[in-house]
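Spelled out, the chains give:
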Amino acid sequence: MGKIKKYICLILFLLAVGQYALAGDTVNVRTGTGEVMTTDTLKPKSGNIFDRIVDYFDETNKEHKDRAFDVSFIGGPHYSNEKKFGIGLLAAGVYSTHRGDSLTPPSNISLYADVSTSGFYSVGLRGTTRFKEDRLRINFQAYFQSMPDKFWGIGYDDDSDDGNETSYKRLMSECRIDALVRIVPGLYIGPLMELSYIKGSTSHADMLHLWRGEDLRTFSYAVGAKLGLDTRDNLTAPTRGVNISLVQRYYGRWMANTYPFSSTELTAGMYIPTWRDCVLAMQYHTLITYGDTPWGMLASMGGSYTMRGYYEGRYRDKGEMDFTLELRQRIYRRIGVVSWGGVGSVFPRLSCMSVRHLLPNYGVGFRWEFKKNVNVRFDLGFGKGERGFVFNINEAF
């Protein structure tokens, strides 16, 4: 049995592990007394390098309550419709703001970098900090990315026309932060702030009409509020509970927005244990914008999280709606599989929704538990005339 486990881990290493797994880096962590101690993320062990690698990954999903900050590294190849073949590097850490509080789930933070053969590159930071007794949560995300992209226009009719496919280069930078205060157990409310910068450029002057005369470079600044009901047992790989989020954003002209608009976003997820080691997960999501929404801030679907298999951003309009049902089954220790089905659509306003504009989505995936409740996922998704492969960290929802 031990040899089987080592061979499985070794295969996963060859698929998903990059240079950081070999580094044997150390991390400085601050103890409760203020002293700084050094923790090995890869302790020297006897045996050859492959045994050490296997031992490292065999330990990554075990809790280390003796560490104020527990960090692990993973890197490796990925592929998607948008980015083609690439390699990503990620440092995933878990920590507690009150080490004596055993009832509050740990906080998490991820630092990542990514490059691909298409010319795409990205760096970013994301995470959730949970304070004592989970009375306050601060969620944050910041990233910068550059990539050769494709644009089909705005609205279902333009987006479904293969002849509209136009290549362009997109630069995008975004920063988001919200602070949620617990009102009653599981119910949170609080303010948010978002900053976005998008720049598009194309050499296809004859296709500029697809942007409908809008500026290809836009800054967008938002303030708003978020109301959330969250009873999930954990944030990254939930097995039970619900997660309902209502977000209202306001991009006012007084905030120096060239294109003033507002948006309402609703996300509702539910996680139900079915049989042994199996979870039925479902999510409904909609984003509706009002006003003079710039092309880069329109609601869209596809990519790594919603309607997997569709080219991210191909279908975009002032409104988007999708629903996904996913079955997640652990099959052996840290290994699992998933299958899902869903449907979605884009529209200029709710009254314009049409059955003929519904887009199907389905797929299968493989899971490996890299850390406790942190899964590496490989998803193969299919849609109307499209398919895509996704390698990423954490569940899609």
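Since the model is a prediction, treat every value here as computed from it, not as a measurement.

About the thresholds
Residues numbered from 1 in each chain as written. Predicted model: local features only at pLDDT ≥ 70, side-chain atom pairs only at ≥ 80, totals over all residues. Heavy atoms only, no water. Helix = DSSP H or I, 4+ residues; strand = E, 2+ residues; numbered from the N terminus. Buried < 20%, exposed > 50% of the residue type's maximum accessible area, 1.4 Å probe, protein only. Contact = heavy atoms within 4.5 Å. Areas by Shrake-Rupley, 256 points an atom, 1.4 Å probe, with all protein chains shown as cover. Pairing = 2+ DSSP bridges. pLDDT = per-residue confidence, 0-100. Polar contact = N/O pair within 3.5 Å; in protein donor to acceptor, adjacent residues only side chain to side chain. Core = buried A, V, L, I, M, F, W, Y, C linked by side-chain atoms within 4.5 Å. Phe/Tyr/Trp six-rings, centres within 6.5 Å; stacked < 30°, edge-to-face > 60°. Lys NZ or Arg CZ within 6 Å of the ring centre and 35° of its normal.

Chemist: An account of the overall build of the protein is needed here, citing residue identities and associated values.
Modeler: A count of helices and strands for the protein gives four helices and 20 strands. Across the 397 residues in the protein, those meeting the buried criterion constitute 52%. Across the protein, every contact between residues at least 6 apart in sequence was considered, and the portion connecting residues at least 24 apart equals 56%. Here the protein has roughly 19,100 Å² of accessible surface; of this, 60% comes from carbon and sulfur atoms.

Chemist: Requested: an account of the pairing of strand S16 (residues 319-332), with residues and values cited.
Modeler: Here 11 bridges tie strand S13 (residues 278-291) to S16, and the two strands are oriented antiparallel to one another. Each bridged residue has a counterpart across the sheet, and for Ala281 the counterpart in S16 is Glu326. Sheet topology note: the S16/strand S17 (residues 335-347) ladder contains 13 bridges and is antiparallel. Paired with Arg328 across the bridge in S17 is Val338. Hairpin remark: S16 followed by S17, antiparallel, with two residues in the connecting loop; positive phi at Arg333, about 50°.

Chemist: I'd love a proper account of the confidence of the model for the protein, names of residues and values included.
Modeler: Reading predicted coordinates in detail is not appropriate for stretches of low pLDDT. Chain-level statistics for the protein give a pLDDT mean of 84 and a share of 81% at 70 or above. No element of the protein has a lower mean pLDDT than strand S1 (residues 26-30), at 34, and none a higher one than strand S12 (residues 261-273), at 98. Taken as a whole, residues 3-44 scores under 50 in pLDDT and shows 77 contacts with residues more than four places along the chain or in a different chain.

Chemist: Tell me what's going on with the side chain of Thr293, and back it up with residues and numbers.
Modeler: Looking at the element boundaries, Thr293 is found in the loop between S13 and strand S14 (299-300). When its relative accessible area of 5% is taken as the criterion, Thr293 is described as buried. Within the structure, Thr293 has its side chain in polar contact with the side chain of Thr289 (distance 3.0 Å). What Thr293 contacts, discounting residues up to four positions off in sequence, is Glu214, Phe261, Leu298 and Lys318.

Chemist: A description of the environment of Leu210 should follow, citing residues and the corresponding values.
Modeler: Among the secondary structure elements, Leu210 is positioned in the loop between strand S9 (187-201) and strand S10 (217-230). For Leu210, a relative accessible area of 3% translates into the label buried. Residues Leu210 and Asn164 lie 46 residues apart in sequence; the distance between their C-alpha atoms is 8.0 Å. Apart from residues no more than four positions distant in its own chain, Leu210 is found in contact with Phe151, Trp152, Gly153, Ile154, Asn164 and Thr166.

Chemist: Account for the pairing of strand S20 (residues 386-393), with residues named and values stated.
Modeler: Across the eight residues that make up S20, a large majority, six, are buried. Relative to S20, strand S19 (residues 374-383) runs antiparallel, the two being bridged by eight bridges. Along S20, the bridge assignment pairs Arg377 with Asn392.

Chemist: For the nonpolar core, give the residues involved together with the corresponding values.
Modeler: Residues Phe151, Trp211, Trp295, Phe370 and Val376 are the most contacted members of the largest nonpolar core, which totals 28 residues. Going through the elements one at a time, strand S4 (84-95), strand S7 (136-151), strand S8 (166-184), strand S18 (359-371), S19 and S20 are the ones with two or more residues in this core. At three residues, S19 tops the list of elements feeding residues into this core. Sequence-distant contacts of Trp295, that is, excluding residues within four places in its chain, are made with Phe151, Ile154, Tyr168, Ile198, Gly200, Trp211, Glu214, Asp215, Leu216 and Arg316. By size, the runner-up hydrophobic cluster in this structure holds seven residues, among which are Met301, Met307, Tyr315 and Val346.

Chemist: Requested: an account of the packing of aromatic side chains, with residues and values cited.
Modeler: Under the counting rule described, the total for this entry stands at 18 aromatic pairs. Ring centres of Trp211 and Trp295 lie 6.2 Å apart, and the angle between their planes is 85°; on these two criteria the pair is classed as edge-to-face. Placement of the pair is Trp211 in the loop between S9 and S10 and Trp295 in the loop between S13 and S14, with a sequence separation of 84 residues. Here the two residues Trp211 and Trp295 agree in accessibility, since each one is buried. Pairwise contacts between aromatic rings join Phe151, Tyr168, Trp211 and Trp295 into one cluster. A cation over an aromatic ring shows up here: Arg308 above the ring of Trp340, its NZ or CZ 3.9 Å from the ring centre. The positively charged end of Arg328 is found above the aromatic ring belonging to Phe397, 4.9 Å away from the centroid.

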